[in-house]
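# Structural features, examined
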Amino acid sequence: MGCCGSAERPKREWKPLEDRSCTDLPWFLLFTLFLVGMCGICGFTIATGGAARLVFGYDSYGNTCGQRNEPIEGVRLSGLDHTDRKFVFFLDPCNIDIIQRKIKSMALCVSQCPTEELATYYDLKRFAMMNGSELCSYELPGHKYPSLPERFEKCPKLPVPESKALPVFNRCTPVDISCYAKFAEAVVTFVSDNSMLNRLIAGVAASKEIIVGLCLLALVLSMILMVIIRYISAVLVWILTALVVLGSLGGTSVLWWLYIDYRMTMNETMTKDLRETEEPNGGMKTTKDHAQGLLIYAVSATVFTGILLLLMLFMRKRVALTIALFHVAGKVFIHLPLLALQPFCTFLALSLFWVYWIMVLLFLGTTGNPEKNEDTGLVEFRLTGALKYMTWYHAVGLIWISEFILACQQMTVAGAVVTYYFTRDKTKLPVTPILSSVLRLVRYHLGTVAKGSFIITLVKIPRLILMYIHNQLKGKENACARCMLKACICCLWCLEKCLNYLNQNAYAATAINSTSFCTSARDAFMILVENALRVATINTVGDFVLFLGKILIVTCTAFTGVLALNYQRDYTEWVLPLIIVCLFAFLVAHCFLSIFEIVVDVLFLCFAIDTKYNNGTPGREFYMDKALMEFVENSRKSMAMEERGRSKRARPKEEAPGTSSA
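Since the model is a prediction, treat every value here as computed from it, not as a measurement.

### What about the overall build of the protein chain?
Each helix and strand in the protein chain was counted, giving 16 helices and eight strands. Here the protein chain, with 662 residues, has 40% of them falling under the buried criterion. When contacts within the protein chain are restricted to residue pairs at least 6 apart in sequence, long-range pairs at least 24 apart make up 71% of them. Per element, the accessible surface of the protein chain, about 36,700 Å² overall, is 66% carbon and sulfur.

### With respect to the confidence of the model for the protein chain
Looking at the protein chain, the pLDDT average stands at 78 and 79% of residues meet or exceed 70. Element-level pLDDT for the protein chain is lowest in helix H5 (residues 181–187), with a mean of 46, against a maximum mean of 93 in helix H1 (residues 25–47). The model gives residues 4–11 a pLDDT under 50, and that stretch makes three contacts with residues more than four places away or in other chains.

### Concerning unusual backbone geometry
The residue after Leu 158, namely Pro 159, is reached through a cis peptide bond having omega -10 degrees. Note that Pro 159 resides in the loop between helix H4 (151–154) and strand S5 (163–165). Even without being a glycine, Leu 77 presents a positive backbone phi close to 60 degrees. Even without being a glycine, Ser 514 presents a positive backbone phi close to 60 degrees. In this fold, Ser 514 is placed in the loop between helix H12 (479–513) and helix H13 (517–530).

### Side note on the packing of aromatic side chains
In the structure shown here, the tally under the stated rule is 14 aromatic pairs. Seen in terms of ring centroids, Phe 31 and Phe 404 are 4.3 Å apart; in terms of plane orientation they differ by 25 degrees. Their pairing is stacked. In this pair, Phe 31 is assigned in helix H1 and Phe 404 in helix H10 (residues 389–421), connecting sequence segments 373 residues apart. Comparing Phe 31 with Phe 404, the two get one shared label, buried. Plain terms: the ring middles of Tyr 121 and Phe 152 are 6.1 Å apart, the flat faces sit at 85 degrees to each other, and that makes the pair edge-to-face. Separated by 31 residues along the polypeptide, Tyr 121 in helix H3 (residues 121–131) and Phe 152 in helix H4 bring together distant segments of the chain. For Phe 152, a relative accessible area of 55% gives the class exposed.

### Re the state of the cysteines
Applying the stated criterion across every chain, the model contains three disulfides. Disulfide partner of Cys 136: Cys 155, at an S-S distance of 2.0 Å. Around the S-S axis, the bridge from Cys 136 to Cys 155 shows a dihedral of about 115 degrees and counts as right-handed. Residue Cys 136 is located in the loop between H3 and H4, and its partner Cys 155 is located in the loop between H4 and S5; the two are separated by 19 residues in the primary sequence. For Cys 136, a relative accessible area of 1% gives the class buried. You can call Cys 155 buried: its relative accessible area is 5%.

### Details of the nonpolar core
Val 332, Tyr 421, Phe 596, Val 599, Leu 603 and Leu 628 are the most contacted members of the largest nonpolar core, which totals 83 residues. The biggest single contributor to this core is helix H15 (residues 571–613), with 18 residues. Other than its neighbours up to four places away in sequence, Tyr 421 contacts Lys 426, Leu 603, Cys 606, Phe 607, Asp 610, Tyr 623, Met 624 and Leu 628. Core analysis: the next-biggest nonpolar cluster, separate from the first, contains 28 residues, Tyr 121, Ala 128, Cys 136 and Cys 155 among them.

### Looking at the side chain of Thr 423
Note that Thr 423 resides in the loop between H10 and helix H11 (433–472). Within the local environment of Thr 423, its side chain forms a polar contact with the backbone oxygen of Thr 419, the two atoms lying 2.5 Å apart. Among residues more than four places away in sequence, those in contact with Thr 423 are Lys 428 and Leu 429.

### Examining the packing of H11 against H12
Close contact between H11 and H12 brings their axes to 9 Å; oriented N to C, the two are set at 170 degrees. As far as their axial angle goes, H12 and H11 are roughly antiparallel. For the contact of H11 with H12, the residue count by class is 16 nonpolar, eight polar and five charged.

### Quick word on the environment of Leu 118
Within the secondary structure, Leu 118 sits in the loop between strand S4 (107–110) and H3. Its relative accessible area of 0% is what places Leu 118 among the buried residues. The spacing of Leu 118 and Pro 156 is 38 residues in sequence and 9.8 Å in space, taken between C-alpha atoms. Leu 118 has contacts with Asp 123, Leu 124, Arg 126, Phe 127, Leu 135, Leu 158, Pro 159 and Val 160, leaving out every residue within four places of it along the chain.

About the thresholds
Residues numbered from 1 in each chain as written. Predicted model: local features only at pLDDT ≥ 70, side-chain atom pairs only at ≥ 80, totals over all residues. Heavy atoms only, no water. Helix = DSSP H or I, 4+ residues; strand = E, 2+ residues; numbered from the N terminus. Buried < 20%, exposed > 50% of the residue type's maximum accessible area, 1.4 Å probe, protein only. Contact = heavy atoms within 4.5 Å. Areas by Shrake-Rupley, 256 points an atom, 1.4 Å probe, with all protein chains shown as cover. pLDDT = per-residue confidence, 0-100. Phe/Tyr/Trp six-rings, centres within 6.5 Å; stacked < 30°, edge-to-face > 60°. Disulfide = S-S within 2.5 Å. Core = buried A, V, L, I, M, F, W, Y, C linked by side-chain atoms within 4.5 Å. Polar contact = N/O pair within 3.5 Å; in protein donor to acceptor, adjacent residues only side chain to side chain. Axes fitted to C-alpha atoms, helices over the stretch in contact; angles between N-to-C directions. Parallel < 35°, antiparallel > 145°, perpendicular 65-115°, else oblique. Nonpolar A, V, L, I, M, F, W, Y, C, P; charged D, E, K, R; others polar.

Structural data, given as structure tokens:
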């Protein structure tokens, strides 16, 4: 049967935390095979010498520095013994390809990098004789450098700058990097003045202690906000509601005032023009168009405001649920303090994987068959045939495994929150609910996480391909094609966001009932559809409150940064540190409050399930927290009052016929 079959299924009751079994085992096996393939790519690059060529370097004839080499067919000077030549030296290190971001110069393996500037060919000869490190092509003898006619093509460009070897990668790099100014301008395109760049970098270097301190401040503020947001959520929500209503009414009023004022001015102008000339001029048509545009804007704003006020009227009671969920989410972080470490764990896992992925990608860049570039005459290693698809496989791995790590975080948080919610006696919670959730994930639900992350990958890959095509065709495609590309990219982005939200709720349903991904997604979707208005309220009001929290953290960090950096009178020296701090503060706030958002969403799903299958009677007691219980009781009281009001209005209508007959 397919993912979501249409056959009749018996109604299944939710039994939180009672049964636990493995879910989506085939997808776990598929993901394991995919990981084996990723490791196989890494092993292939190491076995074929790609890793060695990246780390130790290789010359323009295909020889790896620091080891004995095998000859390459058709390439002269290949197969040399470079055991004593462990460093890569570029004849013209400043000859940089701006587009490809690489050095186009011929490379040689040398035994020592030049320790001083060499201005003449006699200096090259002296350096070769004294140190045994020949800086010209291998076929040229060092003692004949000044007299050889080939010295202009096969010797380094004069003067040869003083160089030092890079740690680990053994490349001779000039000590004076002024020749890389053009490359730096290509990378840092927003800086056109080198002195400005130097001052900005100097400002960062001088303020590094302050930058670290402000980053730690942003971290502390984010953790504090997650705990205290339950106390200020009510104030923020009602302030937000008031601002939205007042802003809509004010904007609509201003548009109508502009339209009326413009219309009055237009009438006066038209009357004056008719008095001065018999024929109406072309400006009158333009004026009418402006007035009609203002009228359309005013009417649209009025319709929008009316719809907004109606939504506020119908959703005002549901705002209280958002406040209650925020209150309970704050309690969750008090009972489960290790939730605050989830962003660190996820960031660490993603960082380690990305470092590994970039390392293997660099290995792939030096793996393959040697080919001679006809334009430059240099030997390059390229993947040919079926091997070139290894790069695509590796690229898919970047997306799928990254999404898998993020999904593991969502499943871990969902499992811990579900354990908290459906444990009636909070004193009987596990010692470490987070660790228990991780163990359940590893033991039972890795297949579910792999399947959910694969679905996101299937949507993300086409979007990234379309974005790449759009960037490549920028300025070349017509307006219709550009609009279609942007529309497709936007639709795929919206689909990805919707699937992300559904996946998150599917993981929560799996954590509750231990069902497969498709079953959990279907059940969670049905619960969300039944509570559509509540979902809309939580996602709009709650997300904006969390956004205000992020802005609050960034603003506090920036204000503290201005006070701390104020001693530097030149604003150009502290503007870059302040930008770095603000970006880091927003990133940290986003990571932490995203965990808070996941907690709120999982709590809502648990609450919806609780209210659907329980009613507070003996044997069907609620699991919910006191704050949510108060919300339910208030909702019941308001519904009872509405019911009594309807019955009172209906009673006179029923008695009226009897009275008339009497």
